[in-house]
Amino acid sequence: MARARGLLAPLLGLGLILALSLPGSRAADCESLGPAERLTFTPATRARWLAPRVRAPGPLDHLYGTVRRFLSAVQLNPFPAELVRALLNEPASVKVDEVVRYEAGYVACAIIAGLYLLVVPTAGLCFCCCRGHRRCGGPVKMERKELACERGTFLTFLLLTTLVLLIGAVCAFVTNQHVHEQTGPSAEAVPEMLLSLRGLVSDVPQELQAVAQQFSLPQKRVLQELDGIATSIGSTIHRQLRSTVYEMLAALHSLGQALQVSVDHLRALNATVLELQDRQQDLEQAVSGYRQRLRALLQEPGCQGCAEALSRAHDLELGADFSQVPHVDDVLHRLKGVPQANFSSMVQEENNTFNALPLLAPLQMADVVKKLKKAVAQQPKGLKTLARAFPGWEAAFRWRQALEKVENSSQPYLKEVQRYEKYRWIAGCVLCSMVLLVVVCNLVGLNLGIWGLSAWEDPSHSGAKGRAGARILTVGVYLSFLFAAPLMLLVFSTFLVGGNVQTLVCRSWESGELYEFADTPGNLPSSMNLSHLLGLKNISILLAYQQCKKGAALWTVLQLNDSYDLETYLDMSQYTASLEQELQNLKVNMENVDLLSPAGHQDLETLQNSGLGGLQYPGFLVQIQKPVVNTSMEKLADELERLAQIQGSSELRKQLQEEAHSLRNFYQEKVLPQQSLVAKLNVSVRALASSAPKLQLETSGVLDKVTHLKGELPAWATRILRNESECFLTRDMGYFSQYVAWVREEVTQHIATCQPLSAALDNGRVILCDMMADPWNAFWFCLAWCTFFLVPSLIFAIKSSKYFHPIWKRLSSSSSEETQLFHIPRVTSLKL
């Protein structure tokens, strides 16, 4: 009965426990799943790094700077935007006077070149005619005082001019070789740059497809988690409901034990009462016989001191009358066969069924999980069209076609450029060799002439060395006249091309005027318009160049956020809606968790309707509190033995002793067992009296709560399932959100990094201007330098050659006049 008495406390707290443990009574949490883990995506951007080209510093940099400054002085006009626009769009509308006005510096140089071509060959022709008639270039006829000074001056200037020619020829050779060496690598770099530019946009669709394919990463993670979602939901339902279910099952177990104890007590009470009533009849007859015999014996005249014992004998009768106790037959009849259920086994079975919920949930949700996996395996519609709907899809095709066309058409030109460069290099080498030949003639003539002049005055000296030096100088003069025209033609043609490349293209390219011209609407024809080529709105090439130089992506450069709504293709609402719809179909069957079997429920209802708590237990207690026999039979026996000892009559003494002995035996055999039954009855009555009324009340409460809990368990499980489904969906959305954020960053910041565009533009400028135009211009500059210095060189050579012939002197004497050979003084007397 201790369990029955202690049952009320858990039952009173059961309602509070149920209220506190309901899933709907507290805020939904996702502790079982936790936040989405961090996903690592593989960058979809292809490596597109175009190495920048830089001309290495060298000793010719000062020469290049000098040439640029010279060209800046020649071309003082700014970039001719109007003229170039007309030339690109309507070549027929270009006016010659506008071109001449812009090329005024070059026209002036052309006039100078024309005068050179006119004057120098004419002078050469005249020299040849005069030389043929021996009227110029001959020896000095007479010695004069200034002869040594003139000779030294002309020799000095000839030497200096020759050194200048030599330096110019060497520089021309070097720059000519630089142009030749840079032409091959520069021509090979053009296809490389075009290939890089072609991949700039043409790779965008493939990169976008690679981005879309990485949707499989969150898909795989979600599919992995779907494998355990049923077990997770079952475990969560079990974890959140177990306190409630365990408390209910514990209450049922305790109530079942209390029911069993109460029924056992009731049966024991009924059996004890029946036995007491049976024994009471026999006991009453025996007690009545003892009372009559003792009264007769103690009333005999010879009985001494028997008054007190006689008084006791008069009171010898039964005290408790168990025929007066209430009947329990009806209650016992109602509780017949109770309990039918084994509450311990029932509770253990229900406990096992509830604990098996994490294992049963996957079996119950298998079909829905399969459909969920099928829904997750689908790719959102927006991602399927992400690459094809990208504005660069068609633009990439046009861009690739345009660049392929440029590349294919440029290949023959590049080969022709390399072939003609070979011819140009040969021509340059030949003309430089011509200049060098003039230099050699000058140096050899000078050396022989000076050698002839330095010979000792010897009457036998014929002056052959001097005459040889003069002839060699004259050969140099002839060569100068002969080579002047081709040199000037080569110089002017290369100057006109290289100078315009430098002043019209390179200078405006470096200053950014070329980009500004390209950005101005209407300047470029549609075939050269980048915006028209890509099918986008007007794009600032200068801004694009600056952004590309900083590593910006095409998304920023082309301002695609205005023409392409990326968020539309990254919208996961339809995808997640289908997942959410499938998640709504997840169900957990809680009908197997009965808590209370039908037999157990019947037992409790029987107990509730039995009337056990309505028995008149005080009626039992009234009889129980009475003695079985009113007079203490032990004391009466002791009194009889004492009286027997003081009686004088042996017969009376013997009778008293026999009655005392018989009375004592009767007490032991009849009265004591009756008292034991009364004590047993007392235990059952008091136990039932204290527990039966509460037990029925508790039974009623437990039945109500079992009924309520059994009805609410499916609803609670459903709410927990919905909460877990929302947590699962939130977690999965975390994966998809990571993917969407990565796609957004990848598309807008990393895909199609346009560094190759800025690098190609920079490399193009370096190749055209630094590696080709600068050596090219330095070559014609050095060659022009040599060409113009040929004029003073031939003049000084003609003048110097006169002094290398022997000089005849007419001497006067007192006796006669005689012509004698006059020798030029020794060269040691000259201060050169």
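It should be emphasised that the depicted structure is a prediction, and the values quoted were computed from it without experimental measurement.

## With respect to the state of the cysteines
- Evaluated as defined, the whole model comprises one disulfide.
- Shown here is the disulfide that connects Cys506 with Cys769, its sulfur atoms set 2.0 Å apart. The sign of the S-S torsion, about -100°, decides the handedness of the disulfide formed by Cys506 and Cys769: left-handed. Taken together, the residues span a long stretch of sequence, with Cys506 in helix H18 (residues 464-511) and Cys769 in helix H29 (residues 755-801) at a distance of 263 residues.
- For Cys506, a relative accessible area of 2% gives the class buried.
- On the accessibility criterion, Cys769 (1% relative accessible area) is buried.

## Brief notes about the packing of aromatic side chains
- In this structure the tally under the stated criterion is 20 aromatic pairs.
- With a centroid separation of 4.9 Å and 15° between ring planes, the pair formed by Phe41 and Trp742 is classed as stacked. With Phe41 in the loop between helix H2 (8-21) and helix H3 (61-74) and Trp742 in helix H28 (residues 650-750), the pair connects residues that are 701 residues apart, well separated along the chain. Just as Phe41 is buried, Trp742 falls in that class too.
- Through pairs of rings, three or more aromatic residues link up here, namely Phe70, Tyr106, Phe492, Phe495, Trp780 and Phe781.
- Looking at Arg419, its charged tip hangs above the ring of Tyr420, at a distance of 4.7 Å from the centre.
- One residue, Arg424, lies across the ring of Phe779, its end atom 5.3 Å from the ring centre.

## What about helix H26 (residues 617-625)?
- Regarding H26, the residues found buried are Tyr617, Phe620, Leu621, Gln623 and Ile624. Buried residues along H26 cover an arc of 165° about the axis, so they all sit on one side. Facing away from the buried surface of H26 by more than 90 degrees, the exposed residues are Pro618 and Gln625.
- Where H26 is buried, its residues touch helix H10 (229-298) and H28.

## Describing helix H25 (residues 598-609)
- Along its twelve residues, H25 runs 16 Å from first to last C-alpha, staying within 8% of the 16 Å computed at 1.5 Å per residue.
- Of the residues making up H25, those classed as buried are Gly600, Asp603, Leu604, Thr606 and Leu607. End-on view of H25: buried residues confined to an arc of 160°, all on one side of the axis. In H25, the exposed positions that point more than 90 degrees away from the buried face belong to Pro598 and Asn609.

## Examining the environment of Glu349
- Position of Glu349 among the secondary structure elements: in helix H13 (residues 343-355).
- Since its relative accessible area comes to 51%, Glu349 is described here as exposed.
- The spatial distance from the C-alpha of Glu349 to the C-alpha of Val593 is 9.5 Å, given a sequence separation of 244 residues.

## Observations regarding the pattern of salt bridges
- Scanning all chains against the criterion turns up 13 salt bridges.
- Here Arg765 and Asp770 are joined by a salt bridge, their closest N and O atoms 3.8 Å apart.
- Three or more residues are tied together by salt bridges with common partners; here these are Arg68, Arg765, Asp770 and Asp774.

## Focus: the nonpolar core
- If you look at the biggest cluster of nonpolar residues, it comprises 150 residues, and the most contacted ones within it are Leu252, Leu298, Leu586 and Tyr739.
- Those residues in contact with Leu298 that lie beyond four places of it in its chain are Cys303, Cys306, Ala309, Leu310, Ala313, Leu640, Leu643 and Leu656.
- By size, the runner-up hydrophobic cluster in this structure holds 52 residues, among which are Met434, Phe483, Met488 and Leu790.

## Let's talk about the packing of helix H27 (residues 633-646) against H28
- Relative orientation of the contacting elements H27 and H28 amounts to 165°, with a least axis distance of 8 Å. Judged by the angle between their axes, H27 and H28 are roughly antiparallel. As for the relative orientation of H27 and H28, their crossing is left-handed in sense. Across from Met633, Glu634, Leu636, Ala637, Asp638, Leu640, Glu641, Leu643 and Ala644 in H27, the residues of H28 making contact are Arg653, Leu656, Gln657, Glu659, Ala660, Leu663, Arg664, Phe666, Tyr667, Gln668 and Val671.
- Across the contact of H27 with H28, the residue classes break down as twelve nonpolar, two polar and six charged.

Reading the values: the criteria
- Residues numbered from 1 in each chain as written.
- Predicted model: local features only at pLDDT ≥ 70, side-chain atom pairs only at ≥ 80, totals over all residues.
- Heavy atoms only, no water.
- Disulfide = S-S within 2.5 Å.
- Helix = DSSP H or I, 4+ residues; strand = E, 2+ residues; numbered from the N terminus.
- Buried < 20%, exposed > 50% of the residue type's maximum accessible area, 1.4 Å probe, protein only.
- Phe/Tyr/Trp six-rings, centres within 6.5 Å; stacked < 30°, edge-to-face > 60°.
- Lys NZ or Arg CZ within 6 Å of the ring centre and 35° of its normal.
- Arc of directions from axis to C-beta.
- Contact = heavy atoms within 4.5 Å.
- Expected span 1.5 Å × (residues − 1).
- Salt bridge = Lys/Arg side-chain N within 4 Å of Asp/Glu carboxyl O.
- Core = buried A, V, L, I, M, F, W, Y, C linked by side-chain atoms within 4.5 Å.
- Axes fitted to C-alpha atoms, helices over the stretch in contact; angles between N-to-C directions.
- Parallel < 35°, antiparallel > 145°, perpendicular 65-115°, else oblique.
- Left-handed = near helix turned anticlockwise from the far one by under 90°.
- Nonpolar A, V, L, I, M, F, W, Y, C, P; charged D, E, K, R; others polar.

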